Amino acid sequence: MSKKSGDAQNQCSQIAPEAMANHRTITAFCSNERVLFLFRETEIHTRKEGIKQSWLAGIGIGSAQSLTFLTWGLDYWYGGRLVGEGLISRGDVFKTFFILVSTGRVIA
């Protein structure tokens, strides 16, 4: 997706310098509107690719962060229940929490 976005950006950025370099020819053939139309079309394509990439990146990062915090919450909730029943100590809850955090970072 990054490649598609980069290609769209490159195509968009090539039109303006070419138009500036050939402005006499464009003006002589009354092609100003055509060049502007081409630039707008490539700009729209570039914007659409950027929006797609932003949505996917946002969903991916949001999902990863949600999973992290849900795992922490589950650890504290279930650890609290086990401590309340006297099956484990508070230190064991914190040990599992730090193991989850360090393992999650290694996996990430």
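The shown structure was predicted, so the numbers you read here are calculated from the model rather than taken from an experiment.

1. Observations regarding a nonpolar patch on the surface
A cluster of nonpolar side chains, namely Ile51, Trp55 and Ile59, defines an oily patch on the protein surface of about 360 Å² accessible area. Structurally, the position occupied by Ile51 is in helix H3 (residues 32-84).

2. Quick notes on the layout of surface pockets
Reported here for the largest pocket is a volume of approximately 280 Å³. What lines the largest pocket is a set of 10 residues, among which Ala64, Thr68, Leu100, Gly104 and Arg105 lie closest to the centre. For the lining of the largest pocket, the secondary structure elements donating two or more residues are H3 and helix H4 (90-107). Examining the composition of the lining of the largest pocket, we find that five residues originate from one element, H3, more than from any other. The residue inventory of the lining of the largest pocket, partitioned by class, reads six nonpolar, three polar and one charged. As a volume, the second largest pocket reaches approximately 150 Å³. Every residue lining the second largest pocket is listed: Ile15, Ala16, Ala19, Met20, His23, Ile26, Asn32, Val35, Leu36 and Phe39. Secondary structure elements with two or more residues in the lining of the second largest pocket: helix H1 (2-21), helix H2 (23-28) and H3. Partitioned by chemical class, the residues of the lining of the second largest pocket number eight nonpolar, two polar and no charged.

Cut-off values and rules
- Residues numbered from 1 in each chain as written.
- Predicted model: local features only at pLDDT ≥ 70, side-chain atom pairs only at ≥ 80, totals over all residues.
- Heavy atoms only, no water.
- Patch = residues over 30% accessible without salt bridge, like charges linked within 9 Å, V, L, I, M, F, W, Y side chains within 5 Å.
- Areas by Shrake-Rupley, 256 points an atom, 1.4 Å probe, with all protein chains shown as cover.
- Salt bridge = Lys/Arg side-chain N within 4 Å of Asp/Glu carboxyl O.
- Helix = DSSP H or I, 4+ residues; strand = E, 2+ residues; numbered from the N terminus.
- 1 Å grid on protein atoms, 1.4 Å probe; cavity = no way out; pocket = protein on both sides within 12 Å on 5 of 7 lines; lining within 4 Å.
- Points joined across faces, edges and corners; volume = space filled by probe spheres on them.
- Nonpolar A, V, L, I, M, F, W, Y, C, P; charged D, E, K, R; others polar.

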